Every structure is written in structure tokens, then in C-alpha cells.
Amino acid sequence: MIDLRDVGEAQIIEGIPASPGVVVGKAFILDTERPHVEQERISPEEMQEEIENFTTAIDETRRELLKLRSGLEQELGETHARIFDAHLMILEDSTVVEGTVRRIREEGINAAFALTETIGHVTKAMERTRDEYLRERVYDIKDIERRLLMRLLGRKARSLKNLEDDVIVLAQELAPTHTASMHRERVVGFGTEVGGRTSHAAIMARSLEIPAVVGLHGATDIIRQGETVIIDGTVGLLVYRFDSAILDYYAERKRKLAEFEQELLTYKDYPAVTKDGRKFELGANIEIPDEVTSALSHGAEGIGLFRTEYLFIARDDLPSEDEQYEAYRDVVKAMAPSPVVIRTLDVGGDKFGPHGAAEREANPFLGWRGIRYSLSHPDLFIKQLKAILRASVHGNVQIMFPMISSLQEVWDAKQVLEAARQELTVTGREFAPDIDVGIMVETPAAVAIAEILAAEVDFFSIGSNDLVQYTLAVDRGNDRVAYLYDQYHPAILKLISETVRAAKRQRKWVGLCGEMAGDPLSVLLLIGFGLNKLSTSPLMLPEVKSIVRASSYSYARKVVQRAMSMKTGPEVRRYLETIFTKRFPEISATEMIT
Ligand code: PEP
Ligand code: MG
């Protein structure tokens, strides 16, 4: 473990690693705050002009967004571009547009103030909800408000366009409209104050492959515009006010990481097989279809988890069966003949919900989430299953149900799947006859009845992110209890081991697709547990493969035995760190910084 304070003088803000890599650059503090607006009385003569200014601002903003949309569509595809549709719809919304015009007329006030009043009214109720989907919509609405205000006040937002130097963007939060243009400008990394691993900005950073850290509390106040900073997306740090020793250290770290990555990539087409001949399938986790390119270039042998939630966000309607079919088909075709595990919608918890899922819940993680939501919305569920089935003729599709906690749910889900098959047969649509159907094992209940469940399905995929949260009763997104979130807790090791054993007894394959699969420190353990498949972010695949290829299964089994004899999580972590540093000094050097 390297302590940066031993290297030189530096200040750091710790955040959550969102996209790996290291970058040094000038900070560009993006103005994502709304400009301050004063109320002004206007005379009846000025009223018409004020209304015209407002409608011009709407037209110009629409043109700007359409331009951004088409640029993004050309470069990153339709799925990314669709992000703007929700924004464009706000500009058409009568509550916003007519509401503002009415206020200007009836209250005799300036357009900018009338707009902030209207938006405040619209978002007030939405803001109070804990529903992630609605809160995201509030963010979109405020982004539009900010853009309109800048135009009305004749102010120019600090633009990312025509930058002379490479910059690291720091912002409170990044809207899709910001991240959308980043790839074309000189943005080499970014950091946000808020946001989690599944936030839009984090997902975008990974698909653009630029280093990023989220959850950097206070960064936009502490860092000065133009100040040179370092983003370490691998460990999740923002480093600033550092001396030349730190800069040299990071220059060297960056060079080594690039060299190391190149070296790892030379093995991208080699199998993930241990020294004593045990083969693992390494899959990629993807959120959007375009990430397939990254999965392939990093040597994925399939898609181990296609989180389909993304197709449902940033829109006010539900994606049609055809639209979903096209998205699934593109991924399946690109990966064929390798398998693609498509997980049915896992809304709820901390994830965005689709339109209509806006009811506030006291305990969303224990509420209407995953399979529970789908089973309660048979129309939505059957539409998704039909789209997946139709995509199956283009390659190797496997279907996976999330958040299973009882056998009844598996029966019910399989029944809906059967109904989807029948509907397709009646309408003469083709689908592959034998599709593997599996479940996420991510609740302690599923582990306890794993053997019963294994008899009903073709495979298991352990969702360690949720398994840790539900087993240890620790909200995975809550900072206050983050210190208790421990994937090496003896209870977790026991549950993983139990799950593998139950699957094996029923001769079913078992994988793990939580963040743990991409954590180098965990890989040796996961090999030793006897899992068949690991699936993680494409960017982590080369490293995971190198660990598998340099390890032996017989040794990994011993590591598991030893770890499982320990009484606490920290003891297991220390043990793993010790052997890891010894066996993989090169990787340790890239990961272990505090
Ligand atoms: C998990 O829970 O480990 C998992 C892979 O699913 P998600 O992170 O999407 O809940
Ligand atoms: Mg999960």
C-alpha cells in the first residue's frame, strides 16, 4: 500500500472510482449552478418584448440541443442520443412554456424570474420524492432552466468548446448535455461532487473510456479554476496542490499504467485459464449497447450482464418491443457466437424507475424492485421478454431474472416467459428454441434455498453488490454505513461458497457479476470458490484475466480455505493484500494508493 504522503506534499479528496485511469490537467470548474435572478416589474409595453425574448430563448435552446443530439447520434449511436429527448420534451411542455408566458402577462414580471417561478412550482413536489427516476427528471428540468436563463440574461456559460489545453472537468453534477459533448472537446477526465457508480456520468465515463471519480464532496469550492489537478480514476482520488515529487510520481504512474495496459491487452485473445488448466469464462457487464465495442476490444468472451435499465431512462414513455428488440439484437449480433446474458429490468432500489414507477417507498431496496416490479407489470414484462426472445435468433442469448427471493418468483417468471413464447409463435415470429434461463443470486434467501432454485434454472449469477447489502443490512449507497459494507465478511464468503456448492450439486454453471469480480484483490478468492464465470466492467477484464492466467486453481482453493477459517472481514482483507502484493507486485503498484 502506497501512502501519497510518503511520496510528497499533496492534498487529496477521496471519492468513488467511476472510470479507471490517471490523468493530469487543468481544472475546468463547470458552471452547473443556476444563475441568480432578481424579480423585475415590467411595463405593459415591455411585455410583448419579454415574451418574444422567452420564445427566442426556447427556439435557440432547442436548436442547440438538436445539434448536440445529432452529433452524438453520429458518434456514439442512437442510445446515447436519446438522452436529449427528455430535454427536448421539456421545451415543448405547456406547463413550463405557457405557464411562464402567463406569469409574465398576469404578474407583469420579467421572463427570467417568471421562468424560475414556474420551474420552482413544477419541481417542488418532484424534489421531495425519493424516487430516483423523478429526481433525475428534476435534474433535466433544472438543466433546461439553466440554459434558458443563460440566454435570457445574455450570459455565456463557460464553454468546453475551443479549449486550448486538456482539461479535467469538475462539477457539482454532470448533466447528459454536458457529458455528451465531452468526447469531442479536450476533456481528459472529470470529477463530480455527487453521483454514484450507476449515475449517468459514471456510465458515460466508462463508455468514453476517460478517467473519472464521483462523490468528490467539496471539490468545486476547494479547487480553483485553472489549477492543475490529478484524477486517479483507478483508486478514486482527486489530488491537488501537490509538489513536484507527486507530479513525478503520477507521471510515472500514468506511464506505467499505460504500459501495463498495453502489455495486458496483448493477451486479450488468450483464454482465461489457470496455470493448472482450469478455464474461466470472462464476460463484460454493459449498460448500453454501444459498450459492446469496448467489451470486444478488452477481450470479453461474452456479455455476462446486460443491465437493461438504461433503455428505460431519460424518457417519459416505455421503449416499444421493436425498440428493445433492436437494442438487444445489436448486442447479440456483435457478440455472436459468444453468449449474452440479458437481465430483465431491475428497477427500484437506487436505480431509476420507468415511467409510472414513481410511488415513493419508505424502503426502496426492500420494495418494488427487480422481478417483483416486472411480475406486477405483466405487459411491460412480456414485452421485454418477447424482444429478448426475438433477438435470440441472432446469436447466443441467455435470460436472467434479478432479485429472486423465492421459488414462486422463478415459476411465475418462467410462466410469463412461456406466454411470451406462445404470443410470438401465434404471430409467426422466430426465436431460438433452447435459451438458457438463470437467476441472480443476490438475496440471502436465494442462497438458503439455492439447491431448490438451481433445480429450476440453467445457471446462477451471484450479484455480490446486493448480496453484501442484504446480508449485512447495509444500504449500498449510504455513506454513513459504508464502513460496514464488507465483501470479505465471513458471512459473505460462506454464502458464496454455499451458492457454488448448490449449483454444482445440480450440475449448473455459476458466475459472479458484482463489482467484486473486477476487484483484483478478490479474483484469487473467486477462482478458489470454483466459479465458472466472472463478469465485470470491460476496462477491468485484461487485469482480471492476467490474474487468472498467473494463478493456479489448487493454490486458490487453499486461499479460500484459509480465508474461510478467519473470523473477520478485515483479517481476510489483510491476508489477501499480503499474498497479492507478493504475487502480483505490478498490479499492486497500480491499485494500492491511499
Ligand atoms: C449486483 O447486485 O451485484 C449486480 C451485479 O447487480 P446491480 O449492481 O445491477 O444491482
Ligand atoms: Mg443487484
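Further up the page is the structure itself.
Structural notes, computed from the coordinates.

Cut-offs used in this document
Residues numbered from 1 in each chain as written. Chains lettered and ligands numbered in written order. Predicted model: local features only at pLDDT ≥ 70, side-chain atom pairs only at ≥ 80, totals over all residues. Heavy atoms only, no water. Helix = DSSP H or I, 4+ residues; strand = E, 2+ residues; numbered from the N terminus. Areas by Shrake-Rupley, 256 points an atom, 1.4 Å probe, with all protein chains shown as cover. Donors = N, O, S within 2.8 Å, 3.2 Å for Na, K, Ca; no water. Buried < 20%, exposed > 50% of the residue type's maximum accessible area, 1.4 Å probe, protein only. Salt bridge = Lys/Arg side-chain N within 4 Å of Asp/Glu carboxyl O. Pairing = 2+ DSSP bridges. Axes fitted to C-alpha atoms, helices over the stretch in contact; angles between N-to-C directions. Contact = heavy atoms within 4.5 Å. Expected span 1.5 Å × (residues − 1). Arc of directions from axis to C-beta. Phe/Tyr/Trp six-rings, centres within 6.5 Å; stacked < 30°, edge-to-face > 60°. Lys NZ or Arg CZ within 6 Å of the ring centre and 35° of its normal. Parallel < 35°, antiparallel > 145°, perpendicular 65-115°, else oblique. Left-handed = near helix turned anticlockwise from the far one by under 90°. Nonpolar A, V, L, I, M, F, W, Y, C, P; charged D, E, K, R; others polar. Core = buried A, V, L, I, M, F, W, Y, C linked by side-chain atoms within 4.5 Å. Polar contact = N/O pair within 3.5 Å; in protein donor to acceptor, adjacent residues only side chain to side chain.

Concerning the overall build of the protein chain
Each helix and strand counted, the protein chain has 25 helices and 17 strands in total. As displayed, the protein chain offers around 25100 Å² of accessible surface, 49% of which is attributable to carbon and sulfur atoms.

Some remarks on unusual backbone geometry
Here the bond from Ala336 into Pro337 is cis, since omega is 5°, no more than 30 degrees from zero. Looking at the element boundaries, Pro337 is found in the loop between helix H13 (321-335) and strand E12 (339-343). With phi around 40°, Arg241 is a residue other than glycine that occupies positive phi space. A positive phi angle is found at Met403, which is not glycine, with a value near 65°.

Side note on the coordination of the magnesium ion (ligand 2)
The coordination sphere of the magnesium ion (ligand 2), as far as protein atoms go, consists of Glu442 (OE) and Asp466 (OD), spread over 2.0 to 2.2 Å. Pair noted here: Glu442 is in the loop between strand E14 (436-441) and helix H17 (444-448) and Asp466 is in helix H19 (residues 464-472), with a separation of 24 residues, a long-range link. Each member of the pair, Glu442 together with Asp466, is buried.

Some thoughts on the pattern of salt bridges
Applying the stated criterion across every chain, the model contains 34 salt bridges. Measuring nitrogen to oxygen at the nearest pair gives 3.2 Å for the salt bridge that ties Arg147 to Glu64. Taken together, the residues span a long stretch of sequence, with Arg147 in helix H7 (residues 132-152) and Glu64 in helix H2 (residues 44-76) at a distance of 83 residues. A relative accessible area of 10% places Arg147 in the buried class. Residue Glu64 is classed as partly exposed on the basis of its relative accessible area of 29%. For Arg103, the salt bridge goes to Glu107, with nearest N and O atoms at 3.7 Å. In this pair, Arg103 and Glu107 are both assigned in helix H5 (residues 94-107), four residues apart and thus about one turn of the helix distant. When salt bridges with common partners are traced through the structure, they connect Glu309, Arg343, Asp346, Arg369, Asp466 and Arg476 into a single cluster.

Some thoughts on the sheet that holds strand E5 (residues 187-192)
Within a sheet, adjacent strands bond to each other through the backbone by hydrogen bonds, running parallel or antiparallel. Ordered in space as E1-E8-E7-E3-E4-E5-E6-E2, the eight strands form an open sheet in which the pairing is mixed. The open sheet is flanked by strand E1 (11-14) and strand E2 (16-19), the only strands paired with a single partner. The sheet shows a mean angle of 30° between the axes of neighbouring strands, direction not considered. Pairing of E5 with strand E6 (residues 212-214), which is carried by two bridges, proceeds in the parallel orientation. Note on E6: the bridge partner recorded for Gly191 is Val213. Helix H9 (residues 200-208) rests against E2, E5 and E6 of the sheet, and its axis sits at about 50° to E2. Across the sheet, helix H11 (residues 244-265) lies against strand E3 (22-29), strand E7 (228-232) and strand E8 (237-240), angled at about 120° from E3, the strand it touches most.

Brief notes about helix H23 (residues 553-564)
The first and last C-alpha atoms of H23 sit 16 Å apart over twelve residues, in line with the 16 Å expected at 1.5 Å per residue. Listed in full, the buried residues belonging to H23 are Tyr553, Ala556, Val559, Val560 and Ala563. Buried residues of H23 fall within an arc of 110° about the axis and therefore sit on the same side. For H23, exposure combined with an orientation more than 90 degrees from the buried face picks out Lys558 and Gln561. In this structure, the buried side of H23 is in contact with helix H20 (490-505), helix H21 (520-528) and helix H24 (569-583).

Points about the packing of aromatic side chains
As enumerated under the stated definition, the model contains seven aromatic pairs in all. A centroid spacing of 5.4 Å and a plane angle of 85° characterise the contact between Tyr249 and Tyr250, whose relative ring orientation is edge-to-face. Across this residue pair, the class does not change: Tyr249 and Tyr250 are buried. With centroids separated by 5.3 Å and ring planes inclined at 80°, the aromatic side chains of Tyr267 and Tyr270 adopt a geometry described as edge-to-face. The ring of Tyr325 carries the charged tip of Arg390 above its face, separated from the ring centre by 4.3 Å. The ring centre of Tyr555 lies 3.6 Å from the NZ or CZ of Arg583, which sits over that ring.

A short note on the packing of H23 against H24
Taken N-terminus to C-terminus, the directions of H23 and H24 make an angle of 155°; their axes are 10 Å apart at the nearest point. With respect to each other, H23 and H24 are oriented roughly antiparallel. As H23 runs across H24, the sense of the crossing is right-handed. Across the interface between the two elements, Tyr555, Val559, Arg562 and Ala563 of H23 pack against Val572, Tyr575, Leu576, Ile579 and Arg583 of H24. Considered class by class, the residues forming the contact of H23 with H24 number seven nonpolar, no polar and two charged.

Some points on the nonpolar core
Phe401 and Phe460 are the most contacted members of the largest nonpolar core, which totals 100 residues. When residues in this core are grouped by element, the largest group, eight residues, is from helix H15 (residues 378-391). Aside from chain neighbours lying at most four places away, what touches Phe460 is Ile439, Val441, Ala450, Leu453, Ala454, Thr499, Ala503, Trp509, Val510 and Gly511. Ile51, Ile58, Leu88 and Ile144 belong to the second largest nonpolar core, which has 31 residues in total.

Thoughts on the side chain of Glu309
Along the chain, the position of Glu309 falls in the loop between strand E11 (303-307) and H13. There is a polar contact of 2.9 Å between the side chain of Glu309 and the backbone nitrogen of Asp346.

Considering the environment of Val510
Relative to the helices and strands, Val510 is located in strand E16 (residues 509-512). Its relative accessible area of 0% is what places Val510 among the buried residues. On a C-alpha basis, the gap between Val510 and Gly438 in space is 9.4 Å, while along the polypeptide they are 72 residues apart. If we ignore the near neighbours within four places in the chain, the residues touching Val510 are Phe460, Ile462, Thr499, Val500, Ala503, Lys504, Leu531, Asn532 and Lys533.

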